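Each chain, letter by letter, is given below.
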Amino acid sequence: MKQTKRQVTSKVVPFTGEFYPDVPEPIPAGNNIAGFLVIVAAALIAGLSMGAISTYQSADQVQLREMKAQSQQLEQVKNQVCK
């Protein structure tokens with residue numbers, strides 16, 4: 001898009017005769033795809049982390065970790081007894 005430079009003009013306010021510069025119209029913002037992508041990426045990361053936390057704390061995973069710890073303890077006792 002070609003943007004032209006606006007010429008600064010003044011307008012007269014009725015009855016007072018004071019000069020005020022025209023306020024230029026703000027340039028409308030275009031589609032900001034980068035901001036949208038950042039929000040989508042943050043939502044994806046948050047969702048994945050919440051899923052990982054809920055999986056790690058699930059009852060099956062807790063039971064599996066306890067069974068592994070008990071198995072390691074059993075191996076240690078077995079090695080001490082069989083020596």
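Conventions used here
Residues numbered from 1 in each chain as written. Predicted model: local features only at pLDDT ≥ 70, side-chain atom pairs only at ≥ 80, totals over all residues. Heavy atoms only, no water. Helix = DSSP H or I, 4+ residues; strand = E, 2+ residues; numbered from the N terminus. Buried < 20%, exposed > 50% of the residue type's maximum accessible area, 1.4 Å probe, protein only. Areas by Shrake-Rupley, 256 points an atom, 1.4 Å probe, with all protein chains shown as cover. Patch = residues over 30% accessible without salt bridge, like charges linked within 9 Å, V, L, I, M, F, W, Y side chains within 5 Å. Salt bridge = Lys/Arg side-chain N within 4 Å of Asp/Glu carboxyl O. Contact = heavy atoms within 4.5 Å. pLDDT = per-residue confidence, 0-100.

### A word on the overall build of the protein chain
A count of helices and strands for the protein chain gives two helices and two strands. Counting every position in the protein chain, which comprises 83 residues, the buried fraction comes to 0%. In the structure as shown, the protein chain presents an accessible area of about 8400 Å², 63% of it carried by carbon and sulfur atoms.

### Examining a nonpolar patch on the surface
Where nonpolar side chains cluster on the molecular surface, the patch consists of Ile33, Phe36, Leu37 and Val40 and spans about 410 Å² of accessible area. Along the polypeptide, Ile33 turns up in helix α1 (residues 33–56). The exposure class assigned to Ile33 is exposed, which follows from its relative accessible area of 57%.

### Observations concerning the environment of Gln61
Turning to its location among the elements, Gln61 is positioned in helix α2 (residues 59–82). Apart from the residues lying within four places of it in its own chain, the contact partners of Gln61 are Thr55 and Tyr56.

### Section: the confidence of the model for the protein chain
Here the protein chain averages 82 in pLDDT, and 73% of its residues register 70 or above. Here strand β1 (residues 10–12) stands out as the least confident element of the protein chain, with mean pLDDT 60; α1 is the most confident, with 93.

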